[in-house]
Amino acid sequence: MTQRFQFDIRATDGKARTGLISTPRGDIRTPAFMPVGTAATVKAMMPESVRATGADILLGNTYHLMLRPTAERIANLGGLHKFMNWDRPILTDSGGFQVMSLAELRKLTEEGVTFKSHIDGSKHMLSPERSMEIQKLLGSDIVMCFDECPALPADRDRIKQSMDLSMRWAGRSREAFGDRPGHALFGIQQGGLEQDFREESAKALSKIGFDGYAVGGLAVGEGQEAMFGCLDYAPDQLPQDKPRYLMGVGKPDDIVGAVERGIDMFDCVLPSRSGRTGQAFTRRGVVNIKNARHMDDPRPLDADCTCPCCSQYSRAYLHHVFKAQEIISSMLVTWHNLHYYQELMSGLREAISEGNLSGFVKQFHATRAQGDI
Ligand code: GUN
Ligand code: ZN
């Protein structure tokens, strides 16, 4: 068993990289997509099914789990892996970002943030120290620094203040995390769309020293063009020899563009959440299975897909179970979407290995341009 957390880059193509993150709980092939398992479940999926789609690692959330069922309860039951029956790596987000988007009556100070639960109104506190403690209780393999992410657009002063605070919190997170062999701590770059603040943030994080580096504060409403504009420089500011993780991204074309710009890891609720609303991602773009045009269609969702949904069910059946609000509708389309995302990552990894990323990207866009037929 590998005892150490390690990142090996196996091949590069332009700025893109493919490699392997080794952890005691298993390897993570990069570029990697992490399905979101917010409340100790990837909604509508059994853990073995998530694995069957090709996922090497899941994402969990400090904020949700501290409120319900609580980190202490999960620790007493043997940790998050055992609790949810997933024995491979888990990355946990630190809670700050979710507090800002979900909690009520938030109060932000140098110390941390106090807030009321969106579930029952109970009062709670998160700080770098408490976030590290919770992620340790959960048994997370990749722990994220406690940070603050300002909503965009924001003025430069606000972005700078927030980035400085996040960098002080990054230092406190590093201190509180301590030395935990086999477990990793990732820093989170902030700075909005301001190149000089991103540079400052990257320097502050590199000085502290982390096992990996996330690009935070993007995909918060700025649009793809602005996000790619930032990704044209942000990954280059971070250490070359450590994994780079773009938080909360994204649509398939966002992921492809970010891999071209040097990102190694992604997470997003899109494939799982869309699965529950009948939005399917396919090579030819998004298909809304609730649309009446599928009512009599005996063909699979995606003829080129080998997932259980596409190999065993028709569009007509999927349309019917969505209309009838049957639970299997969420299960089937979530499985397909997660399979599609993992196939995309596998295709990207192979293309980078073969030095053919630009050919892969051209084909990706050309197939989508044909549309669903
Ligand atoms: N998820 C998406 N963006 C962010 C971010 O900037 N920080 C954290 N902690 N989580 C995120
Ligand atoms: Zn499929």
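Because the structure is predicted, anything quoted here is derived from the model rather than measured.

## Looking at the site of ligand 1
Surveying the vicinity of ligand 1 reveals the residues Asp93, Ser94, Phe97, Asp147, Cys149, Ile188, Gln190, Gly216, Gly217 and Met247. One of the side-chain N or O atoms of Gln190 is found 3.0 Å from an oxygen atom in ligand 1. According to the grid-proximity analysis, the pocket containing ligand 1 is the largest pocket. Residue composition of the shell around ligand 1, by class: four nonpolar, four polar and two charged.

## As for the layout of surface pockets
A probe matching the size of a water molecule, rolled over the atoms, marks out where space remains unfilled. By volume, the largest pocket amounts to about 810 Å³. In this structure, the largest pocket is lined by 35 residues; those nearest its centre are Phe97, Gln98, Ser101, Val269 and Arg273. Put simply, the parts of the chain that give the lining of the largest pocket at least two residues each are strand 5 (58-61), helix 5 (96-102), strand 14 (265-268) and helix 12 (270-275). Among the elements that make up the lining of the largest pocket, the one with the highest residue count is helix 5 (five residues). For the lining of the largest pocket, the residue count by class is 16 nonpolar, twelve polar and seven charged.

## Some thoughts on the coordination of the zinc ion (ligand 2)
Looking at the zinc ion (ligand 2), the protein donor atoms are Cys305 (SG), Cys307 (SG), Cys310 (SG) and His336 (ND1), and they sit 2.1 to 2.3 Å from it. The coordination sphere of the zinc ion (ligand 2) comprises four donor atoms, whose angles at the metal cover 98 to 117°; the geometry is tetrahedral. Mapped onto the sequence, the donors of the zinc ion (ligand 2) take the spacing C-x1-C-x2-C-x25-H. Of the two residues, Cys310 is situated in helix 13 (residues 308-312) and His336 in helix 15 (residues 327-354); the sequence distance between them amounts to 26 residues. Pair check on accessibility: Cys310 and His336 agree, each one buried.

## Notes on empty space enclosed by the protein
In the structure shown here, the tally under the stated rule is one cavity of 30 Å³ or more. As a volume, the largest cavity reaches approximately 30 Å³. Cys149, Pro150, Leu152, Gln190, Gly191, Gly192 and Gly217 together form the lining of the largest cavity.

Thresholds, definitions, all that
Residues numbered from 1 in each chain as written. Chains lettered and ligands numbered in written order. Predicted model: local features only at pLDDT ≥ 70, side-chain atom pairs only at ≥ 80, totals over all residues. Heavy atoms only, no water. Near = heavy atom within 4 Å. Polar contact = N/O pair within 3.5 Å; in protein donor to acceptor, adjacent residues only side chain to side chain. 1 Å grid on protein atoms, 1.4 Å probe; cavity = no way out; pocket = protein on both sides within 12 Å on 5 of 7 lines; lining within 4 Å. Sits in = over half its atoms within 2 Å of the grid points. Nonpolar A, V, L, I, M, F, W, Y, C, P; charged D, E, K, R; others polar. Points joined across faces, edges and corners; volume = space filled by probe spheres on them. Helix = DSSP H or I, 4+ residues; strand = E, 2+ residues; numbered from the N terminus. Donors = N, O, S within 2.8 Å, 3.2 Å for Na, K, Ca; no water. Tetrahedral: all angles 85-135°; square planar, octahedral: opposite > 155°, others 65-115°. Buried < 20%, exposed > 50% of the residue type's maximum accessible area, 1.4 Å probe, protein only.

The analysis is restricted to geometry; functional conclusions fall outside its scope.
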